[in-house]
Amino acid sequence: MTLSPSDPSSLNLADYIRPGDLVTWGQAMAEPLELVKSYIEQRHEIGPARAFVGLSISNALNEAITDRISLISYGALGTLAPLHSKGLVSLVPCRYSTMPSLVTNGQLRPDVVFVQLSPPGPDGTHSLGWSNDLLPVAMKHARVVLAEINPAVPWVRMDQPLDEALIHHTITSTQALPELKAPDPGPLENTIAEHVANLIPDGATLQYGVGAVPSAILNALRSHRDLGLHSGLVTDEIVDLATCGALTNARKNIFQGVSVGAVAIGSGKLAEFMTDNPAYLSCQTAVTHGAAPLSQLDSLVAINSALEVDLRGQVNAEQVGSRYLGAIGGQPDFMHAATHAENGLSIIAMPAKSGRNGKRSRIVSRLSGSQVTTARSDVDVVVTEYGAADLRGLDVQARARALTRIAAPHHQEHLEFAVATA
């Protein structure tokens with residue numbers, strides 16, 4: 001099928017979106033900005049509807065739009081965080097691996113899907129570019145699929161070709177894509193990264209998250225060899241790992257020689273790396289987060305972060321006090337898989353303290369919120385700038401003592417008292 005895009009000014013979304021519909025679109029750099037802009041501008045003519053959105057890094061979503069668009073998400077991420085703090089985003093607590101089934105089974109089945117596409121690639125087809133993850137499943141089950149083609153989107157090899165027959169209407173877009181650059185790592189992050197790098201063997205397959213600490217960890221792995229990548233997220237740092245010869249995927253059980261990711265966030269450097277690269281494959285969530293593919297990976301090392309870890313090893317990556325700041329996401333999927341993998345390792349890497357002047361310890365006697373993002377049984381090692389606490393095989397008291405030792409020194413006395421009186 002050949003897509004024939006039209007000018008976006010001629011698009012009347014009321015022809016496609018009905019009052020009460022659930023609309024969804026790509027997240028992060030895959031957000032189809034022209035379609036979203038048109039939807040927001042035409043929302044009063046369309047009538048009240050709902051939108052399920054993921055990580056948003058653009059400025060398209062704001063308080064004003066919620067007069068007609070009810071926002072739903074799996075987390076308070078990016079520009080959704082301030083909206084959630086005002087009670088304007090409803091959250092669906094779920095593992096990322098379950099989201100395809102929520103679409104398929106109807107709980108989060110969209111009526112209308114917006115997608116952002118690359119121009120035609122070498123074989124004449126279009127690509128989803130920056131994000132594959134849930135979009136093919138959503139497209140398959142939607143009543144209407146609308147697409148925008150943007151020359152800034154790279155043509156990326158996907159695990160399954162895009163089914164262009166599902167697309168009802170296509171427009172062109174020249175919108176500049178948003179970027180989310182992780183803060184540059186400083187001495188703190190680099191110290192944490194050194195501890196983590198010492199735990200990772202050559203040949204390990206990596207999963208990681210976003211932020212200054214993951215960036216520092218990937219930079220610290222450049223002297224490693226035959227690393228693999230099987231991650232929900234990929235960022236600029238993988239380009240340098242591949243260029244220096246550290247990232248080869250040579251020892252992976254599946255997708256040997258190929259880095260696998262679902263959502264890419266980065267600069268033109270990453271776009272150039274992904275473009276028609278046989279060593280990179282953009283995959284759907286069932287492939288990146290699914291239990292069956294993950295169970296086939298030996299030496300899987302899952303590197304994630306937390307807002308808090310309690311003395312039992314339970315992880316809170318979502319909420320501090322009344323402030324919801326994150327998501328369940330894929331952390332439990334990868335951490336659980338890594339603890340079960342042969343030679344696998346699940347790591348939580350985080351600064352030991354937070355808040356002004358480090359007043360708040362991230363290692364706590366009790367989690368400040370009611371949420372447990374990752375169970376204590378799925379945490380092998382916790383790392384801060386003060387060292388690594390290997391929790392494997394330790395009883396409850398020994399776990400607490402090991403975690404206390406890597407807390408900030410001025411918080412250790414309180415934690416030791418908590419251990420002694422537990």
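Residues numbered from 1 in each chain as written. Predicted model: local features only at pLDDT ≥ 70, side-chain atom pairs only at ≥ 80, totals over all residues. Heavy atoms only, no water.

Novice: Sorry, what's going on with the overall build of the chain here?
Specialist: Within the chain, the secondary structure is distributed over 14 helices and 22 strands. Taken over the C-alpha trace, the chain has a radius of gyration of 22 Å; the compact-globule value for 422 residues is 22 Å, and the two agree within 12%. Dimensions along the principal axes, computed over C-alpha positions, put the chain at roughly 70 × 45 × 35 Å. Looking at the chain as a whole, 59% of its 422 residues qualify as buried. Long-range contacts, defined here as pairs at least 24 residues apart, represent 68% of the contacts in the chain between residues at least 6 apart. Split by element, the accessible area of the chain, about 16,900 Å² in all, is 50% carbon and sulfur. (Helix = DSSP H or I, 4+ residues; strand = E, 2+ residues; numbered from the N terminus. Rg over C-alpha atoms; globule rule 2.2 N^0.38 Å. Buried < 20%, exposed > 50% of the residue type's maximum accessible area, 1.4 Å probe, protein only. Contact = heavy atoms within 4.5 Å. Areas by Shrake-Rupley, 256 points an atom, 1.4 Å probe, with all protein chains shown as cover.)

Novice: I keep staring at the pattern of salt bridges and nothing clicks. Help me out?
Specialist: With the rule as written, the count across this model stands at 13 salt bridges. In this structure, the salt-bridge partner of Arg143 is Asp111, at a minimum N-O distance of 3.8 Å. Here Arg143 is found in the loop between helix 5 (135-141) and strand 6 (144-149), whereas its partner Asp111 is found in the loop between helix 4 (99-104) and strand 5 (112-117), with 32 residues between them in sequence. Judged by relative accessible area, Arg143 falls into the partly exposed class, the value being 27%. According to the relative accessible area criterion, Asp111 is partly exposed, its value standing at 23%. One salt bridge in this structure joins Arg157 and Asp276, with 3.1 Å as the shortest N-O distance. (Salt bridge = Lys/Arg side-chain N within 4 Å of Asp/Glu carboxyl O.)

Novice: I tried to follow the nonpolar core on my own but got confused; where do I start?
Specialist: Buried together is how nonpolar side chains tend to be arranged in soluble globular proteins. Judged by nonpolar contacts, the single largest core of 59 residues is most densely connected at Tyr74, Trp130, Val196, Ile200, Leu206, Leu221 and Ile238. If sequence neighbours within four positions are ignored, Leu221 has contacts with Ala197, Ile200, Leu206, Leu227, Leu241 and Ala246. (Core = buried A, V, L, I, M, F, W, Y, C linked by side-chain atoms within 4.5 Å.)

Novice: Whenever I open this one, empty space enclosed by the protein confuses me. Can you help?
Specialist: Here the idea is plain: a probe the size of a water molecule rolls over the atoms and shows the empty space left. Under the defined criterion, the tally for this structure stands at two cavities of 30 Å³ or more. Estimated volume of the largest cavity: approximately 200 Å³. Considering the residues around the largest cavity, the lining is formed by 18 residues, among which Thr24, Trp25, Phe52, Met99 and Leu134 are closest to the centre. Contributing elements (two or more residues each) for the lining of the largest cavity: strand 1 (22-25), helix 4 and helix 5. For the lining of the largest cavity, the element with the highest residue contribution is strand 1, accounting for three residues. (1 Å grid on protein atoms, 1.4 Å probe; cavity = no way out; pocket = protein on both sides within 12 Å on 5 of 7 lines; lining within 4 Å. Points joined across faces, edges and corners; volume = space filled by probe spheres on them.)

Novice: Could you clarify how one ought to interpret the layout of surface pockets in this entry?
Specialist: A volume near 290 Å³ is recorded for the second largest pocket. Residue composition of the lining of the second largest pocket, grouped by class: eight nonpolar, seven polar and five charged. (Nonpolar A, V, L, I, M, F, W, Y, C, P; charged D, E, K, R; others polar.)

Novice: Looking at this structure, I do not really get the side chain of Asp21. What am I missing?
Specialist: Position of Asp21 relative to the elements: it lies in the segment before strand 1. Once you skip the residues sitting within four places of it in the chain, Asp21 turns out to touch Tyr16, Ala49, Arg50, Asp111, Val112 and Arg143.

Novice: Can you walk me through the environment of Pro82 in this structure?
Specialist: Relative to the assigned elements, Pro82 resides in helix 3 (residues 80-85). Accessibility expressed as a relative area gives 44% for Pro82, which makes it partly exposed.

Novice: I would appreciate a short explanation of the packing of helix 6 (residues 187-197) against helix 7 (residues 212-220) in the present structure.
Specialist: The axes of two packed helices give the description: the angle between them and the distance between them. Contact geometry for helix 6 and helix 7: axes closest at 8 Å, N-to-C directions at 50°. By the angle between their axes, helix 6 is oblique relative to helix 7. Note that helix 6 runs across helix 7; the crossing there is right-handed. Of the residues in helix 7, those in contact with Glu189, Asn190, Ile192, Ala193, Val196 and Ala197 of helix 6 are Ala212, Val213, Ala216, Ile217 and Ala220. Across the contact of helix 6 with helix 7, the residue classes tally to nine nonpolar, one polar and one charged. (Axes fitted to C-alpha atoms, helices over the stretch in contact; angles between N-to-C directions. Parallel < 35°, antiparallel > 145°, perpendicular 65-115°, else oblique. Left-handed = near helix turned anticlockwise from the far one by under 90°.)

Novice: Honestly, the sheet that holds strand 1 in this entry has me stumped. Any pointers?
Specialist: Strand pairing in a sheet relies on backbone hydrogen bonds. The paired strands run either parallel or antiparallel. Strand order in the open sheet formed by seven strands is 4-3-2-1-5-6-7, and the pairing between neighbours is parallel. Because the sheet does not close on itself, it has two edges, and the strands there are strand 4 (89-91) and strand 7 (169-172). Here the average twist between neighbouring strands, direction ignored, is 25°. Relative to strand 2 (residues 49-52), strand 1 is paired through three bridges, and the arrangement is parallel. In the sheet register, Thr24 faces strand 2, and the bridge partner there is Phe52. (Pairing = 2+ DSSP bridges.)

Novice: Can you help me understand the pairing of strand 2 in this one?
Specialist: On any regular strand, side chains alternate: one points to one face of the sheet, the next to the other face. Sheet topology note: the strand 2/strand 3 (residues 69-73) ladder contains four bridges and is parallel. Bridge pairing in strand 3 links Phe52 to Ile72.

Novice: Explain the sheet that holds strand 20 (residues 363-364) to me, please; I cannot follow it from the model alone.
Specialist: Read across the sheet, three strands follow the order 14-13-20 without closing on themselves; strand pairing throughout is mixed. Across the chains shown, the open sheet's two edge strands, defined by having one partner strand only, are strand 14 (315-316) and strand 20. One ladder, built from two bridges, connects strand 13 (residues 308-310) with strand 14; its direction is antiparallel. The residue bridging Val309 from the neighbouring strand is Val315, located in strand 14.

Novice: Would you explain the packing of aromatic side chains in this entry?
Specialist: Given two aromatic rings, their pairing is described by the distance between the two centres and the angle made by the two planes. In the structure shown here, the tally under the stated rule is five aromatic pairs. When the ring of Trp25 is compared with that of Phe114, the centres are 5.8 Å apart and the planes differ by 10°; the resulting orientation is stacked. Within this pair, whereas Trp25 is found in strand 1, its partner Phe114 is found in strand 5, the two being separated by 89 residues in sequence. Residue Trp25 shares its accessibility class with Phe114, and that shared class is buried. Through pairs of rings, three or more aromatic residues link up here, namely Trp25, Tyr39 and Phe114. (Phe/Tyr/Trp six-rings, centres within 6.5 Å; stacked < 30°, edge-to-face > 60°.)

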